[in-house]
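# Fold and contact review
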Amino acid sequence: MSGVLARLGLCAVLLLQGSGVARADVKSTNIKLHEGLPREEKWKSNGHKGITLWMTGLSGSGKSTISVALERALVEAQSKSYFVYRLDGDNLRFGLNRDLGFSPSDRKENVRRVSEVSKLFAEAGAIVVAGLISPYAADRDYAREVHQNASLPFMEVFVDAPLAAVETRDPKGLYKKAREGKIKGFTGLDAPYEKPVNAEVHVRTDQLTVAQCVNVILKKLDDYGIHLQQTFRKLDESSGDCVAVKEQ
């Protein structure tokens, strides 16, 4: 419990400090960036580096499902638990982004806020799993830039499925409502989704199981070298459950 509290304390300090690169649109003039414990020291205490995984894709593509499975794989299925924080786009709209709708300007601000928060958690050493539709390439590029300017690892994960597939799933009934004209400006129908062209990870959820998608992401994390001492355990793809493959 003390370790958890310490991590939460670090995150709180980062939020207060506003760690990161200064931007031209900062309105306050009487502020100063206060340096604290170097990120490398925080990462060393976790045993791994901080990184943001930006999960983008259409509604119903599987972002939340894969994000939760990835979170479990990192926290519960490894020989050592990793420090993970999941930023779900829907969940954030109950609090941090509750004043935002789905207009292009609100979507832009939604991405900006999540970019800054994910950067802070990555600074603290978390593997951040941020799941947002984030339909505009320029907004996703902004999220990447925020992390690059802070010298933090960033990975774009394109959770891809054809429109016909996500409409069939339609877990929240949104596509049906949009087709009936009850929802306007719905991404993928009467509002654009600009597909990533250079995503670090591209998973087709109409072709791969959840476990297979998670293993693709874990392999890429291994390639990034965020762990300081070990490699990730893969999930058992034969069972369909999020269970780690037992070591022989």
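Residues numbered from 1 in each chain as written. Predicted model: local features only at pLDDT ≥ 70, side-chain atom pairs only at ≥ 80, totals over all residues. Heavy atoms only, no water.

Let's shift gears to the overall build of the chain. Helices and strands together make up the secondary structure of the chain, namely nine helices and five strands. Starting at the N terminus and ending at the C terminus, the chain contains elements arranged as α-α-β-α-β-α-α-β-α-β-α-α-β-α. Within the chain, the proportion of its 248 residues that are buried is 43%. Residue pairs in contact within the chain that sit at least 24 positions apart in sequence constitute 73% of those at least 6 positions apart. Of the roughly 13000 Å² of accessible surface on the chain, 53% is carried by carbon and sulfur atoms. (Helix = DSSP H or I, 4+ residues; strand = E, 2+ residues; numbered from the N terminus. Buried < 20%, exposed > 50% of the residue type's maximum accessible area, 1.4 Å probe, protein only. Contact = heavy atoms within 4.5 Å. Areas by Shrake-Rupley, 256 points an atom, 1.4 Å probe, with all protein chains shown as cover.)

Okay, unusual backbone geometry next. The backbone of Ser-134 shows a phi angle near 35°, a positive value even though the residue is not glycine. Within the secondary structure, Ser-134 sits in the loop between strand S3 (127–131) and helix H6 (137–149). Within the chain, Ser-151 stands out as a residue other than glycine whose phi angle is a positive 55°. With respect to the helices and strands, the residue Ser-151 is situated in the loop between H6 and strand S4 (154–160).

Remark: helix H3 (residues 63–75) packs on helix H9 (residues 210–224), axes separated minimally by 9 Å, with the N-to-C direction vectors making an angle of 60°. The pairing of H3 with H9 is recorded here as oblique in orientation. The handedness of the crossing between H3 and H9 comes out as right-handed. Here Thr-65, Ile-66, Ala-69, Leu-70, Ala-73 and Leu-74 of H3 come into contact with H9, specifically with Val-210, Cys-213, Val-214, Ile-217, Leu-218 and Leu-221. Split by residue class, the contact of H3 with H9 holds 11 nonpolar, one polar and no charged. (Axes fitted to C-alpha atoms, helices over the stretch in contact; angles between N-to-C directions. Parallel < 35°, antiparallel > 145°, perpendicular 65-115°, else oblique. Left-handed = near helix turned anticlockwise from the far one by under 90°. Nonpolar A, V, L, I, M, F, W, Y, C, P; charged D, E, K, R; others polar.)

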